[in-house]
Each structure stands twice: as structure tokens, then as C-alpha cells.
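One-letter residues, chain by chain:
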Amino acid sequence: TDDKVILIDCGFVKRSWLKRWHIRHYLSPTDALARLQIERHQVSDIIITHHHWDHAEGLELFDQATIWISKAALAATRRYAKRNRLPLLRRLNRAHRAKRIRLLKGIQRILPGIVTVRQGTHAPGFAFAVAHLNEGLLVFASDVGALYDNFTQLQASGQSRNPRRDRDVLWLMRTLVENDLQRI
């Protein structure tokens, strides 16, 4: 929206992941934002699709943003941060005390033009986001639909824990794009 800077997931900060997962051409979340001339303190909201390290670990960089996350993903993120002794746990606790954590439930309009859908089996509490833009709808599928074929053929990704249910989620995402967001 015009007065907000919204991230869908926020990457990771632990440099050891680069070597372990053979990641090349990595940009930290703050470096990626800098390319768009956005500073981290300008980020107003972060929607976390799920708790995996490459989606949620970067939360520790954004101490002023409102965090939108499902209850199950929040619990999993806390467990992950505690187990790995990450500063992320302190950030989450601070955000909780400052009342900056908002829980995602079902299908929910969280901000003007932004709807989240708590659906999918890729990880506990998985959610995806839909943005209504002047050009149409944009679905942020996260890891459920990483490839174009996932959508055109309604084929669950190889990471799916429940391919049948994730095919239903892909169908829902495709249907949202083909129809009007205002119906939600």
C-alpha cells in the first residue's frame, strides 16, 4: 500500500546456510531492500508464510515491523529459534510484549488490498498471501507453488507432505487469481 512497506517472508541471516545449501549470489534481507532504496526501519509489516529458516530467520532484523503469522508457525518459529539459540527468539518476545504480533486465521483481509489464506501442508501453520494491485492479483505462493507447472497442472511440489491437499491449495490460488479478490 502507499503508506506501508510489506514483506512476505524475510529471508535468513545465518551465513553458515550459504555453504551448507550451496547458495550463490545471496543478498541479505537488508541488502535486497537497499537495492529498492528501502531501509529496514521502513518495513511496517512482515507476513510469514511458514517457520522455515529461509523464510523467518530474518525477522531478527526488523524490530519495528508488525509480524503477521499463524499460531502454529509462531510456535514452530519459537522452537526453532530456541533450539538454535538465535537472536530471533528475543525479537519475537519483544514483538509480543509490544503487541506487534498478529495471528493469521483462515481467510483474512489483514491490510487494504492484502488477504492471507491459512491453508496448505508444507509446514505447520502455512499461509499464503494475495495482493490486489492495479494490474490484477498477485499470489505469493511461497514453497507450495515454486514452479509455473505447479499451477498450470495443479501438481504439488516435491516438498509437499500432503500432495492431494496441496493440489487443492494450488487450485484455490489459481481460482483467486482468475476471479475477483473482492469476493473474499
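To be clear, the structure that these remarks concern was listed above.
Residues numbered from 1 in each chain as written. Predicted model: local features only at pLDDT ≥ 70, side-chain atom pairs only at ≥ 80, totals over all residues. Heavy atoms only, no water.

Peer 1: Would you mind going over the overall build of the protein chain with me for this structure?
Peer 2: Regarding its fold elements, the protein chain presents seven helices and eight strands. The C-alpha atoms of the protein chain give 16 Å as radius of gyration, which agrees with the globular expectation for 184 residues (16 Å, within 12%). With respect to the three principal axes, the spread of C-alpha positions in the protein chain is 40 × 35 × 30 Å. In the protein chain, which comprises 184 residues, the proportion classed as buried is 45%. Partitioning the contacts of the protein chain with sequence separation of at least 6, the portion at a separation of at least 24 is 55%. For the protein chain, the exposed surface amounts to about 10800 Å²; the carbon and sulfur share of it is 49%. Side-chain charges of the protein chain comprise 30 positive and 17 negative groups, with the mean position of each set lying 11 Å from the other. (Helix = DSSP H or I, 4+ residues; strand = E, 2+ residues; numbered from the N terminus. Rg over C-alpha atoms; globule rule 2.2 N^0.38 Å. Buried < 20%, exposed > 50% of the residue type's maximum accessible area, 1.4 Å probe, protein only. Contact = heavy atoms within 4.5 Å. Areas by Shrake-Rupley, 256 points an atom, 1.4 Å probe, with all protein chains shown as cover. Lys, Arg positive; Asp, Glu negative; His and termini not counted. Charge placed at Lys NZ, Arg CZ, Asp CG, Glu CD.)

Peer 1: Looking at this structure, I do not really get the sheet that holds strand 4 (residues 101-104). What am I missing?
Peer 2: Paired through their backbone hydrogen bonds, the strands of a sheet run either parallel or antiparallel. Read across the open sheet, the four strands follow the order 1-2-3-4; overall the sheet is parallel. Sheet topology places strand 1 (6-8) and strand 4 at the edges, where each strand pairs with a single neighbour. Taking the axes of each pair of neighbouring strands and ignoring which way they run, one obtains an average angle of 20 degrees across the sheet. Note: strand 2 (residues 45-47) against strand 3 (residues 66-70), three bridges, orientation parallel. Across the sheet, residue Asp45 finds its bridge partner in strand 3, namely Thr66. (Pairing = 2+ DSSP bridges. Axes fitted to C-alpha atoms, helices over the stretch in contact; angles between N-to-C directions.)

Peer 1: Hey, could you run me through the nonpolar core in this one?
Peer 2: A general trend in soluble globular proteins is that nonpolar side chains are found buried together. Counting residues in hydrophobic clusters, the biggest one holds 27 residues, and the most contacted among them are Ile46, Ile48, Leu59, Phe62 and Ile67. Of all the secondary-structure elements, those providing two or more residues to this core are helix 1 (16-20), helix 3 (53-56), strand 3, helix 4 (71-83) and helix 5 (88-97). When residues of this core are assigned to their parent elements, the largest contribution, four residues, is made by helix 4. Aside from chain neighbours lying at most four places away, what touches Ile46 is Leu7, Asp9, Cys10, Leu59, Phe62, Ala65, Thr66, Ile67 and Trp68. Counting residues in each nonpolar core, the second largest holds 14 residues, with Val117, Phe126, Phe128 and Val139 among its members. (Core = buried A, V, L, I, M, F, W, Y, C linked by side-chain atoms within 4.5 Å.)

Peer 1: Hey, could you run me through the packing of aromatic side chains in this one?
Peer 2: The description of an aromatic ring pair rests on the distance of the ring centres and on the angle between the ring planes. By the definition in use, this model includes four aromatic pairs. Ring geometry for Phe12 against Trp53: centres 4.9 Å apart, planes inclined by 75 degrees, an arrangement best described as edge-to-face. Note that Phe12 is positioned in the loop between strand 1 and helix 1 and Trp53 in helix 3, a separation of 41 residues in sequence. For the pair shown, Phe12 and Trp53 are each scored as buried. (Phe/Tyr/Trp six-rings, centres within 6.5 Å; stacked < 30°, edge-to-face > 60°.)

Peer 1: Where do I start with the sheet that holds strand 6 (residues 114-118) in this structure?
Peer 2: A sheet is described by the order of its strands in space; here four strands give the open sequence 5-6-7-8, paired in antiparallel fashion. Two strands lie at the open edges of the sheet, namely strand 5 (107-111) and strand 8 (136-140), each paired on one side alone. Sheet twist, expressed as the mean angle between neighbouring strand axes with direction ignored, is 25 degrees. The pairing of strand 7 (residues 127-133) with strand 8 spans five bridges and is antiparallel. From the neighbouring strand, Leu133 faces strand 8, where its bridge partner is Gly136. Packed on one face of the sheet, helix 7 (residues 163-178) meets strand 6, strand 7 and strand 8 and runs near 10 degrees to strand 7.

Peer 1: Looking at this structure, I do not really get the pattern of salt bridges. What am I missing?
Peer 2: If charged atoms from side chains of opposite charge come close, those side chains can pair. Scanning the model with the defined rule gives two salt bridges in all. The partner of Lys4 in a salt bridge is Asp45, and the shortest N-O contact between them spans 3.4 Å. Taken together, the positions of Lys4 in the segment before strand 1 and Asp45 in strand 2 put the pair 41 residues apart, joining distant regions of the chain. Overall, Lys4 belongs to the partly exposed group, its relative accessible area being 29%. Since its relative accessible area comes to 2%, Asp45 is described here as buried. Here Asp63 makes a salt bridge to Arg91, at a shortest N to O gap of 3.7 Å. Here Arg91 lies in helix 5 and Asp63 lies in the loop between helix 3 and strand 3, a separation of 28 residues in the sequence. Here Asp63 falls in the partly exposed class, since its relative accessible area comes to 39%. The class for Arg91 is partly exposed, based on a relative accessible area of 21%. (Salt bridge = Lys/Arg side-chain N within 4 Å of Asp/Glu carboxyl O.)

Coordinates in, geometry out; function isn't part of it.
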